[in-house]
Amino acid sequence: MDETCLNIGEAAGHVYKLLENGESNLAGIKRSFKDNGLESQLVFMALGWLAREDKIRMQKNSNTWVIRLK
């Protein structure tokens, strides 16, 4: 597996651990990436990874996306 895939997998793990504490909105996930020195571009790739593995549920409320574990 190349380095990019490893980075996306690590980012997906970060999102998963964050969501173990409860649901979050997209802005909160992005903020967590920034606070932990992770590239913000990986947020969407990590969410796609978790969605493909059927690990998360995403719901749009007004202008905000809420993400939670299944």
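Rules used in this analysis
- Residues numbered from 1 in each chain as written.
- Predicted model: local features only at pLDDT ≥ 70, side-chain atom pairs only at ≥ 80, totals over all residues.
- Heavy atoms only, no water.
- Helix = DSSP H or I, 4+ residues; strand = E, 2+ residues; numbered from the N terminus.
- Polar contact = N/O pair within 3.5 Å; in protein donor to acceptor, adjacent residues only side chain to side chain.
- Pairing = 2+ DSSP bridges.
- Axes fitted to C-alpha atoms, helices over the stretch in contact; angles between N-to-C directions.
- Left-handed = near helix turned anticlockwise from the far one by under 90°.
- Contact = heavy atoms within 4.5 Å.
- Nonpolar A, V, L, I, M, F, W, Y, C, P; charged D, E, K, R; others polar.
- Salt bridge = Lys/Arg side-chain N within 4 Å of Asp/Glu carboxyl O.

So, on to the side chain of histidine 14. Tracing the backbone through its elements, the reader meets histidine 14 in helix 1 (residues 3-19). Within the structure, histidine 14 has its side chain in polar contact with the side chain of serine 32 (distance 2.8 Å).

What follows is about the sheet that holds strand 3 (residues 64-69). The 3 strands lie next to each other as 1-3-2, forming an open sheet whose pairing is antiparallel. If you trace the sheet from one side to the other, it starts and ends with strand 1 (24-25) and strand 2 (56-61), each paired once. Sheet topology note: the strand 1/strand 3 ladder contains 2 bridges and is antiparallel. Within the sheet, the bridge partner assigned to asparagine 25 lies in strand 3 and is valine 66.

All right, on to the packing of helix 2 (residues 26-35) against helix 3 (residues 42-52) then. The N-to-C vectors of helix 2 and helix 3 enclose an angle of 115 degrees; their axes lie 10 Å apart at closest approach. In this structure, helix 2 meets helix 3 at a crossing whose hand is right-handed. Counting all contacts with helix 2, which are made through Leu26, Ile29, Lys30 and Phe33, the residues of helix 3 involved are Leu42, Val43, Phe44, Ala46 and Leu47. Residues of the contact of helix 2 with helix 3, tallied by class, amount to 8 nonpolar, no polar and 1 charged.

Another aspect to go through is the pairing of strand 2. When strand 2 meets strand 3, the two strands line up antiparallel, connected through 6 bridges. Along strand 3, the bridge assignment pairs arginine 57 with arginine 68. Count of turn residues in the strand 2/strand 3 antiparallel hairpin: 2 residues, of which serine 62 carries a positive phi of about 55 degrees.

Moving on to the pattern of salt bridges. A complete count under the given rule lists 2 salt bridges for this structure. Arginine 68 is the partner of glutamate 23 in a salt bridge, and the nearest nitrogen-oxygen pair spans 2.6 Å. Of this pair, glutamate 23 sits in the loop between helix 1 and strand 1 while arginine 68 sits in strand 3, and the two are 45 residues apart along the sequence. Here lysine 70 and aspartate 54 are joined by a salt bridge, their closest N and O atoms 2.3 Å apart. Linking lysine 70 in the segment after strand 3 with aspartate 54 in the loop between helix 3 and strand 2, this pair joins segments that are 16 residues apart in sequence.

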